[in-house]
Structure formats: C-alpha cells, structure tokens
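Tertiary structure, described
One-letter residues, chain by chain:
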Amino acid sequence: MDVVIGQLFTGLSIGSILLLAALGLSLTFGQMGVINMAHGEFIMAGSYTAYVVQQVISSATGSLFISLLVGFVIGGAMGVLLEVTLVKRMYHRPLDTLLVTFGVGLILQQLARDVFGAPAVNVAAPEWLSGGVEILGAVVPKTRLFILVLAVMAVVALSLAMQKSPMGRRIRAVVQNRDLAETSGISSRRTDVTTFFIGSGLAGVAGVALTLIGSTSPTIGQSYLIDAFLVVVVGGLGQMKGAVIAAFALGILNSFVEYSTTASIAKVIVFVVIVVFLQVRPQGLFAVKTRSLV
Amino acid sequence: MRTFSQRALAVPTVLAAIGLVLTGCGSKASDTAGESTAASCVDTSGDTIKVGSLNSLSGTMAISEVTVRDSIALAVDEINNSGGVLGKKIQVVAEDGASEPTVFAEKAEKLISSDCVAAVFGGWTSSSRKAMLPVFEDNNSLLYYPVQYEGLEDSKNTFYTGATTNQQIVPALDYLKEKGVKSLYLVGSDYVFPQTANRIIKAYAEANGIEIKGEDYTPLGSTDFSTIVNKVRSADADAVFNTLNGDSNVAFFREYANVGLKPADMPVVSVSIAEEEVGGIGVQNIEGQLTAWNYYQTVDTPENKKFVDAYKARYGANKPTSDPMEAAYTSVYLWKNTVEKAKSFATEDVQDNADGVTFAAPEGLVTIDGSNHHITKTARIGEIRGDGLIYTVWDSGTPIQPDPYLKSYPWAEALGS
C-alpha cells in the first residue's frame, strides 16, 4: 500500500515539475506557435537567479520567495528580449525559429558556464523544507510538496489572468483571430510581447523551484525542455487544461512504470504511449477552438 | 553548326571532368599520405612540443572535466617553468569533447592529424574513451586517460592513470564486507562504466555472500530520482553502491536526504563523486557518506601539499582538488618522465620505455606497469565531512598493482574478458 501511495505522490510530484516547466511553453508554443528552444535556458536563468539572490540574502526562506519574484521578472525580460530581437521577425517561419532559438539556448548555456563555472552550484533550501512528510507509510520530501503547491498556484494565477483580466482577453483574442483582433483595436505586437513575457517568466519561476530538488548547472534547462514540449503537445496546443492533465498523467505513468521496471525502460514506454496517443488524437487532449480563417 | 557547337562544348566538359577526377585523385593521394605519416607528423624540430588536452568543456560532463583540463594546464606550466621536456616547452592544444563520444573521436583525430600532438591527455566517461580508442590505435598515437574506470581493457596506445577496478571497487567492497555489510543496492547511470562495474560487484557479492537487493540505472544526466529512492528505501539494504555520473548525483543525494535516509542507517558508497561535486550537492545532503578513490585533497604528503597550494594559487582558494585532477596532473609528469627515459617523443619509444617509470604523485608513489599500461595506486575509502572535504577512513597502505582483468581474483573468472 505504501508503495502505491508513495508512487502516486512521486507521480504527482514529477507531474507538478513537468507542469511548471511546460506552463510557460504552453503560452509561447501553444498560443503563439513559436517553437522556443531557449525555453530551457530561461528555466536555467531562473535557477541561477535563485543562486545569485541567495548570495545577497542569506536567509534561505527570504531568498526563496524573493527569487520566485525576481526569477519571474528575469525570465520574462529575457523572453521579451528574444521576442523583440529575433522571434518577431519569424512568426511565419516556425522552423527558423526553432533553429535560431536553439542557437540562442546554446549561447546562454555557455554564458552561464563562463559566469558561474561548469560545476553545479548549490542553492540551499530553507530549513522548513528539509526532510519529508510521512503520508500513509510513504515519505514525501517537503520540497516536492512545495513545488506541487507552487505549480497549482501558478496554474490558478495564470488561468485567472487569462480568463478575467483584459490582458488575458486580448491574448486570447489575438490567438483566435489576429486580424479581427487588430481591427478591434488590439495591438497584436504588444500582446505578443506580453504573452512572451508571461511565458518566459513562468520558465524563470520553474527554474527557481527546480533548485530545490536538483542541480543548478548550465544544462539544467535541457533536461526539462523535451518533457515540457511533450506535455504541451499531448495536452493540446494552447490548452492549459490539457497541459495540467497531460503533466500529471505522464508523471504518474512514469512513476509507476519506473517502479516496476527501470528508469530507461520507463522513458521508452512513456514515449511509446505518447506516440500511440498522438496517432489516435493528433491534436492532443484538447484542441484550440479557433475562428481564424488560416 | 549545331554538331560543332555540341562538340565544342563536349571537349571542355570532358577536360573539366578529367581535371576533376585527377584533382580528386590528387587530394585523395595526399590524404592517404597524410594519414600514413600521422604518427610522425609530430614536429620535434622547434623549441616547443605540442600535446593535446581533450575534455568536455560543455554538456553534462563539463561539471567534472573542466577541472581536469585545469590541472593538466597546471602540470604543463610547472614542467615548462622547470625547463620543459628534453629541452622543449610544452604547448597545449585544448579541445572540447562536449560530453559526446563522437565529438571526442573527431577531436582526437584532429589533435593527432592536424595539430600533430605528441600525446593527448583527457577523456572521462568510458564511452568517450571507447570512442577514442580506435582513433589512437589507427594513428598510433598516445592517450593518457585520467579517470577510474571499469577495467577489462588494455591498449598499447592508452595509459590508464586512474584506478582500475581492483584499485577502487574491490577495495571498497572489501571495506564494506569488513564492516559487516550483508546486502547492497546498486544505483548507476545507464552506460558502460556502471553496467560493467555492477557486473563485477555482483560477481564479488555472490562469492562473498552479499545479497544484491536491487539494481537501477538512469539515463545519463537524469535528474528525477524520486522513484529510485523510493525503491532503495523499501529494499532496506545495508548499503548503496553508487555509480552515477555528473549532475545526476546532485538530485540523487538531495532526494536521498529528503526522504530521511541517513548514512548511519544506509550509507552510500560513491565511486565518482569528488570534492568539487560536494558543493553542488550541498554538504548537508551528503555529509557522512562514503567514497572510494585513490586521492583526496586531504591526503597528507608533501607532494600533495605542493599540488594543492599550486592549484589554489592559480584557480582560487575555494577550488578543491580531486582524484581525476590528481591523476591528470600525474599523467603529464608520467609522460614527461617516460619521454626523458626514452629520450624521444615517438610513440614506439614511449611505449617501449614506459615499464617501471615512476612519479612521486600527490597520492603517493606511482609506477607504470608496462604489461598493461596501468599504474600502481593506493586505494582510499573516504568520508565526506561538514567542511565539504573528504577524509581518509581507510587506505591500502601500499600501492596496489593494477589488474584490469581481475586475473588474480578467483570469483572474477566468470566475467570473461
């Protein structure tokens, strides 16, 4: 029994990490169709933000919460910079975006290596997050519970912003029909930039959260990028609901398969399941309802 | 008129084609010539002699390999400042293997054939070494490989200056057995070294009545260990034998500490975590865990004091030294001593004169065994303490003779070659 509970929590935890990494991507890739391979490096930027903030603020608790804020702003600012300098020139050339942002990602990785060094750096977790909580015989690390809560909060905040705020309405309008939105007086340029800011900012938040469980190294973003893309594709492009379900489903599937087999086989099985799933539902769990003529 | 113009066109076309074929042959001929003389393209006429340094400066292995490049550079500078090798200054050509075995092979080829280096120092993962091996054999050049590895290999073109299994893994198992460990859980990265190391561990365990409670591999660079740690926790072995590489260790030890597993109850013995990784993992997450190596920064020899001081003076007081760094540093000196004994930079002369060459290394005296190109090494079990350094809790006393095929161990017979 405690194995099932333990793996269920592990699955939820993996899912929440996937979700955090994928949430920003579901905006930039799902809503805008930009294949941003530098998304992983925005995650990395968030991680190093947590490291730098901790050098300044010695209280681990204080630095964690400040990092979450600063990480969002820094990730967002990098996203805006990328959008304004490169991505805006190639909205109609998705393959070029892929290559260019991949290159940007490599440059950012090397930059991090030059600035912070190649070995991983340690971001200390607050004392109250060390150790685990025993739930029905299974031990769940507190850091993972924190990330779970953070992911849920990020989803709630993002969906509120998308549903209730004028900005969210503008984003949705531009995604559904760019021309009509522009005719109605919405600046699609400004909306694109805002969307990129939020999407990349969420990557920064994910990066801060990841410092609690793993290494903070120049390659940290790479390890999550592919998984984040899978979550967005399986969930259905631009569908936050889909991303949430896909992230937790993949997390739980992965944890149970890995428990009964091995990590490598679990990865293969998860990929096979995704391939089969996409044969049946190429549009993912949920499809965007668009009124666009294109 | 029409026929003429066709002919007029045909003649230059044919000529051009012949020309192309000829130049093609020409360049091919010169290529082959270049390859066949690759071994002797090493230029010994000038005041300098080139050597290669080939390490991952990017990718998942950069965390470890950058420090190796740094200590190679340190050894080279020390040698240059004391007069060089056979009167020549050493010039290092540094290349990035990018954590990709194929890149290692390409860069090795480049170092040998176009930079014409006399020897190459580097490589870390066994897959990078396996990828480079044919390149060094085909070009008859020399690789000095500074990292502990899984054994079961020897090549006249490679000098193995890290530990082979009987100088690291077997002593670690002996130590655990002596401490009363009756069962083990094996965790490793999914590639050559952990798989082979675990085959050896299982053979040892079977012969010594140690139960293997589980065996798990994760893809290299994997950072989610929640499931594996759950498995380890419920298996309740006496100790964990860890052959993970690179960044994965950070996530593994954080998870291990966070679910409440303590070194006092279930110690983890690691064979590839060195001093520089402890900082990234966070000392509080790994304090009290064990490692098996031949060298720690805390080793108390005059040679080591000199090495540590020189390294810190050059790269920063907070930069620790580690086993592969020490082995890389030692490699350069072993090459120098062999070249001076041979009075030649040529591959064959270095090979013929290698047997018995010694160096008073930071870890203690090491000697090249000419029969398998490995070196004698002192085994040390260390404990990671609160200051982030590793302290010897047991050592073999004298250097252990290398035995890459474990021929002197009856239980290892089934492993084959």
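Residues numbered from 1 in each chain as written. Chains lettered and ligands numbered in written order. Predicted model: local features only at pLDDT ≥ 70, side-chain atom pairs only at ≥ 80, totals over all residues. Heavy atoms only, no water.

Our next topic: empty space enclosed by the protein. One pass over the structure, following the stated rule, counts six cavities of 30 Å³ or more. Within this model, the largest cavity holds a volume of roughly 60 Å³. Lining the largest cavity are A:G6, A:F9, A:T10, A:S13, A:V139, A:V140, A:P141, A:R144, B:S226, B:N230, B:E255 and B:V259. Looking at the lining of the largest cavity, the elements that each hand over two or more residues are helix 1 (2-31) and strand 2 (138-141) of chain A together with helix 7 (226-235) of chain B. A total of four residues in the lining of the largest cavity trace back to one element, the largest contributor, which is helix 1 of chain A. (1 Å grid on protein atoms, 1.4 Å probe; cavity = no way out; pocket = protein on both sides within 12 Å on 5 of 7 lines; lining within 4 Å. Points joined across faces, edges and corners; volume = space filled by probe spheres on them. Helix = DSSP H or I, 4+ residues; strand = E, 2+ residues; numbered from the N terminus.)

Counting through the fold element by element, A:N254 comes out in helix 10 (residues 240-260). With near-sequence residues (within four places) excluded, A:N254 lies in contact with A:I14, A:A266 and A:V270. (Contact = heavy atoms within 4.5 Å.)

On to a nonpolar patch on the surface. Side chains of A:I66, A:L69, A:V70 and A:I74 sit close together on the surface and give an oily, nonpolar patch of about 320 Å² of accessible area. As for its position among the elements, A:I66 is in helix 3 (residues 60-85). (Patch = residues over 30% accessible without salt bridge, like charges linked within 9 Å, V, L, I, M, F, W, Y side chains within 5 Å. Areas by Shrake-Rupley, 256 points an atom, 1.4 Å probe, with all protein chains shown as cover. Salt bridge = Lys/Arg side-chain N within 4 Å of Asp/Glu carboxyl O.)

Caution applies to low-pLDDT regions: their predicted coordinates should not be interpreted in detail. Residues and elements named next belong to chain B. Per-residue pLDDT for chain B averages 89, and the proportion of residues at 70 or more is 90%. Here residues 18-39 is modelled with pLDDT under 50, and outside its nearest four sequence neighbours on either side it reaches three contacts, counting other chains as well. What the predictor reports for the complex is a pTM of 0.80 with an ipTM of 0.80. (pLDDT = per-residue confidence, 0-100.)

Turning our attention to the packing of helix 6 (residues 166-176) of chain A against helix 8 (residues 188-210) of chain A. All names here are of chain A. Remark: helix 6 packs on helix 8, axes separated minimally by 10 Å, with the N-to-C direction vectors making an angle of 110°. Relative to helix 8, helix 6 is oriented roughly perpendicular. Residues M167, R170, I171 and V174 of helix 6 lie in contact with helix 8, whose contacting residues are S188, T191, D192, T194, T195 and I198. Residues that form the contact of helix 6 with helix 8 fall into these classes: four nonpolar, four polar and two charged. (Axes fitted to C-alpha atoms, helices over the stretch in contact; angles between N-to-C directions. Parallel < 35°, antiparallel > 145°, perpendicular 65-115°, else oblique. Nonpolar A, V, L, I, M, F, W, Y, C, P; charged D, E, K, R; others polar.)

If you look at the interface, chain A gives 40 residues, while chain B gives 35 residues. Regarding the contact of chain A and chain B, the summed buried area is about 2700 Å², with carbon and sulfur atoms giving 45% of it. Considering only the surface of chain A that becomes buried against chain B, A:N122, A:V139 and A:Y259 emerge as the three largest contributors, covering 18% of it. Where chain A touches chain B, the interface holds two salt bridges. Close ionic contact of A:R144 with B:D224 constitutes a salt bridge, the shortest N to O distance being 3.3 Å. For the side of chain A that touches chain B, the element with the highest residue contribution is helix 1 of chain A, accounting for five residues. Grouping the amino acids of the side of chain A that touches chain B by side-chain chemistry returns 16 nonpolar, 20 polar and four charged. (Buried area = accessible area lost by both parts, 1.4 Å probe.)

Take the packing of helix 1 of chain A against helix 9 (residues 222-235) of chain A next. Pairs of packed helices are described in terms of their axes, by the angle between the two and the distance that separates them. Residues and elements named next belong to chain A. In contact at an axis separation of 8 Å, helix 1 and helix 9 are set at 65° when each is read in the N-to-C sense. Crossing of helix 1 against helix 9: the hand is right-handed. Residues I17, L18, A21, A22, L25, S26, F29 and G30 of helix 1 lie in contact with helix 9, whose contacting residues are Y224, D227, A228, F229, V231, V232 and V233. In terms of residue class, the contact of helix 1 with helix 9 is built from 12 nonpolar, two polar and one charged. (Left-handed = near helix turned anticlockwise from the far one by under 90°.)

Here we come to the pairing of strand 7 (residues 211-218) of chain B. Residues and elements named next belong to chain B. By the bridge criterion, seven bridges tie strand 6 (residues 183-189) to strand 7 in an arrangement that is parallel. Its bridge partner lying in strand 7, Y185 is registered against G214. The parallel pair strand 6 and strand 7 is bridged by helix 6 (residues 192-208), and the resulting crossover is right-handed. (Pairing = 2+ DSSP bridges. Right-handed = clockwise from strand over helix to strand, strands pointing away.)

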